[in-house]
Structure formats: C-alpha cells, structure tokens
Amino acid sequence: TEIRHRLERACGSAAPQVWLEAAHRPVQLRSASAATQPLERLANTRVAAFAGIGNPAAFRGSLAALGASIVGFRGFPDHHPYPPADLPALHDWAVKLEADLLVTTLKDLVKLRVDQLGDIPLFALEIALEILPEGDSVAALEALLAPIMARAAHASGRLQRHAAAAERTATA
C-alpha cells in the first residue's frame, strides 16, 4: 500500500486507474510427469534444492518456510540450460547429502524432464499468483476488461460462423 501511495503522489493524475496487489503462494509439489504431492511432504524431509532463477534465495526461503530440512542448496545462473552432465552431478551431490528429495522450480523442471535422479524423487515447487482483494480493485479491472472481452467474444463468434460457412461450401 505504501508503494501505491508513493506512486500516486509522484504521478498525480497519470497514476494507474486500477491497482492490483498480488502474492506468490506455494500450491503443491509437481513432478515432470505431472504427479503431485501436497506441500506437507516437505515437512521434516531432507531436501536438496536447486534453482536457475533470478532470485534463488527467495526460492530457498519458500522451502524453509514450508518446513523442509534443507541439507543443501545450489543456485545456478538465471536461465541455466542444464546440460546432460548436470543430471549425474546433481544426483551425486544429493546422495552425498543423504537427501530424501530433490526440489527445484517449475522453470527448471521443464528443462530436466525427469521424475527422479537415480533413486531420489525430483519435484518442483509449484507457485501460484494470488490477486489480493483490496477495495473494489478487482471489480474495477473487470469493468476495464469488459469491452475488450465483449469484442473478443464477438470476433470469435464471427470466426466460427465463417468457418462453418467454409465447411458447408467445401462439402457441397
């Protein structure tokens, strides 16, 4: 809220008409094959975690806040490509740490595409963006988007009618 007030003071009438605040919330653990586990799986579990994101310390903090016993953490550069040699190296590292679970981000998991490294399960911490209700901000955003959504629905209907007409012509 303080940021909003500073922005309004600095921008005056040019300040955004609608202001939304959001928070990132852990939702569940997800494997590369889309299997899920509840966040409670992390509680008191020996976790080796790694991330190639802009702020790996925040990811580590999220895991700690969920009760994971972080026995090791590796931060890679943002957008790390995970070449093939990384997989056995991460496995060996986790084995030395006696980790029960490897955890990374969804951004990293899609590059790895495996459900486990050796015999150690690999999951990503799935994070959701939650819009925080503040006054009538959500209603104001919906009001701004309503004309755009109406035009999109109208255009979609028009496209469906054209497609149906083309199909009738093709089969005649």
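Scroll up to find the structure this text is about.
Model, not experiment: these values are computed from the prediction.

Cut-off values and rules
- Residues numbered from 1 in each chain as written.
- Predicted model: local features only at pLDDT ≥ 70, side-chain atom pairs only at ≥ 80, totals over all residues.
- Heavy atoms only, no water.
- Helix = DSSP H or I, 4+ residues; strand = E, 2+ residues; numbered from the N terminus.
- Rg over C-alpha atoms; globule rule 2.2 N^0.38 Å.
- Contact = heavy atoms within 4.5 Å.
- Areas by Shrake-Rupley, 256 points an atom, 1.4 Å probe, with all protein chains shown as cover.
- Lys, Arg positive; Asp, Glu negative; His and termini not counted.
- Charge placed at Lys NZ, Arg CZ, Asp CG, Glu CD.
- Buried < 20%, exposed > 50% of the residue type's maximum accessible area, 1.4 Å probe, protein only.
- Phe/Tyr/Trp six-rings, centres within 6.5 Å; stacked < 30°, edge-to-face > 60°.

(A) Focus on the overall build of the protein chain. Along its length, the protein chain carries five helices and seven strands. When the helices and strands of the protein chain are listed from N to C terminus, the series reads α-β-β-β-α-β-α-β-α-β-β-α. Its C-alpha atoms give the protein chain a radius of gyration of 23 Å, more than 25% over the compact-globule value 16 Å for 172 residues. With the C-alpha coordinates aligned to their principal axes, the bounding extent of the protein chain is approximately 65 × 60 × 30 Å. Within the protein chain, contacts between residues separated by at least 24 positions form 64% of all contacts whose residues are at least 6 apart in sequence. A total accessible area of about 10,600 Å² is found for the protein chain, and carbon and sulfur atoms account for 58% of it. If you average the places of the 17 positive and of the 18 negative side-chain charges in the protein chain, the two averages end up 6 Å apart.

(B) View of the environment of Asp-92. Counting through the fold element by element, Asp-92 comes out in helix α3 (residues 86-96). Overall, Asp-92 belongs to the partly exposed group, its relative accessible area being 41%. Through-space distance from the C-alpha of Asp-92 to that of Cys-11 is 54 Å; in sequence the pair is 81 residues apart.

(C) Focus on the environment of Ser-137. Structurally, Ser-137 can be placed in helix α5 (residues 137-171). Given the relative accessible area of 6%, Ser-137 is considered buried. Along the backbone, Ser-137 and Trp-19 are 118 residues apart, and their C-alpha atoms lie at a distance of 6.1 Å. Setting aside residues no more than four positions away along its own chain, Ser-137 makes contact with Val-18, Trp-19 and Leu-20.

(D) Examining the packing of aromatic side chains more closely. Tallied over the full model, the rule gives four aromatic pairs. For the ring pair Phe-50 and Tyr-82, a centre distance of 5.9 Å and an interplane angle of 65° mean the geometry is edge-to-face. Residue Phe-50 is located in strand β3 (residues 46-51), and its partner Tyr-82 is located in the loop between β4 (69-75) and α3; the two are separated by 32 residues in the primary sequence. Here Phe-50 falls in the buried class, since its relative accessible area comes to 0%. For Tyr-82, a relative accessible area of 7% gives the class buried. Each ring, one from Phe-59 and one from Phe-73, has its centre 6.3 Å from the other, and the planes form 45°; the classification is tilted. Highlighted residues: Phe-59 in helix α2 (residues 56-65) and Phe-73 in strand β4, separated in sequence by 14 residues. Since its relative accessible area comes to 7%, Phe-59 is described here as buried.

(E) Quick look at unusual backbone geometry. For Asn-44, which is not glycine, the phi dihedral falls at a positive 60°. With respect to the element layout, Asn-44 can be found in the loop between β2 (36-37) and β3. On the basis of relative accessible area, Asn-44 is assigned to the exposed category, the value being 72%. Despite not being glycine, His-79 has its phi angle at roughly 65°, a positive value. For His-79, the location among the structural elements is in the loop between β4 and α3.

Worth remembering: the numbers are spatial, not functional.
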